[in-house]
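Residue strings, one per chain:
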Amino acid sequence: MSFAICIACGREKSEPFAPCTFCGLCPESDNVAMAKSLMFSDQFLVLRDCGEYHVSRAELERIAERIRNGQPHVFDDRVISDLIWQKVQLDRDKPRFASGMLQLALWLFVPVAVVWLLVFLVESL
Ligand SMILES: [Zn+2]
């Protein structure tokens with residue numbers, strides 16, 4: 001189970017894009033809120049000089065406490081733009097992937113149907 005915090009009220013959530021049960025914020029309604037919510041979860045990979053790492057729960061709890069105390073978090077606009085760009089690419093590739101899977105299923109259907117028919121014919125002899 002993952003750990004995330006609400007970008008609006010700083011309360012704990014199990015998934016970054018889940019609606020907040022405390023304030024009702026639903027990140028899936030807007031790309032910026034989705035990007036910020038991903039950054040406020042342990043699913044977010046931070047790139048630094050020495051490599052990449054997941055944001056720690058302790059780090060998220062510190063941010064959550066500041067938000068609950070009324071201190072707004074200053075997000076890195078470049079990271080938000082990059083995440084939105086990645087989401088747009090993923091959304092664009094989804095229909096292509098679905099159509100590829102449909103073609104694969106259709107290609108597999110014919111050989112499977114032929115084998116099934118042969119087995120049926122052999123068994124009926
Ligand atoms: Zn909330």
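All values derive from a computational prediction rather than experimental measurement.

What counts and what doesn't
- For every chain, the first residue of its written sequence is number 1, and the numbers climb from 1 along that sequence.
- For a predicted model such as this one, the threshold for reporting local features is a pLDDT of at least 70, and the threshold for listing and counting side-chain atom pairs is 80 or more; totals across whole chains, interfaces and linings nevertheless cover every residue.
- By definition, any uninterrupted DSSP run of H or I lasting at least four residues is a helix, any uninterrupted run of E lasting at least two residues is a strand, and each is numbered from the N terminus.
- Values of the radius of gyration come from C-alpha atoms, whereas the globule rule sets the reference at 2.2 Å times the count of residues to the power 0.38.
- Exposure classes come from backbone-placed C-beta atoms, where a residue is buried if 20 or more other C-beta atoms lie within 10 Å of its own, exposed if 12 or fewer do, and partly exposed in between.
- Two residues qualify as a contact pair if the distance between their C-beta atoms, derived from the backbone, is within 7 Å.

Visitor: With reference to specific residues and values, describe the overall build of the chain.
Guide: Along the chain, the regular secondary structure elements total three helices and four strands. Written out in order from the N terminus, the α and β elements of the chain read β-β-α-β-β-α-α. Taken over C-alpha atoms, the radius of gyration comes to 23 Å for the chain, far larger than the 14 Å a tight globule of 125 residues would show. If you line up the chain on its principal axes, its C-alpha atoms span 80 × 30 × 30 Å. Per-residue burial over the chain gives 14% buried out of 125 residues. Residue pairs at least 24 apart in sequence account for 40% of intrachain contacts in the chain once pairs closer than 6 positions are excluded.

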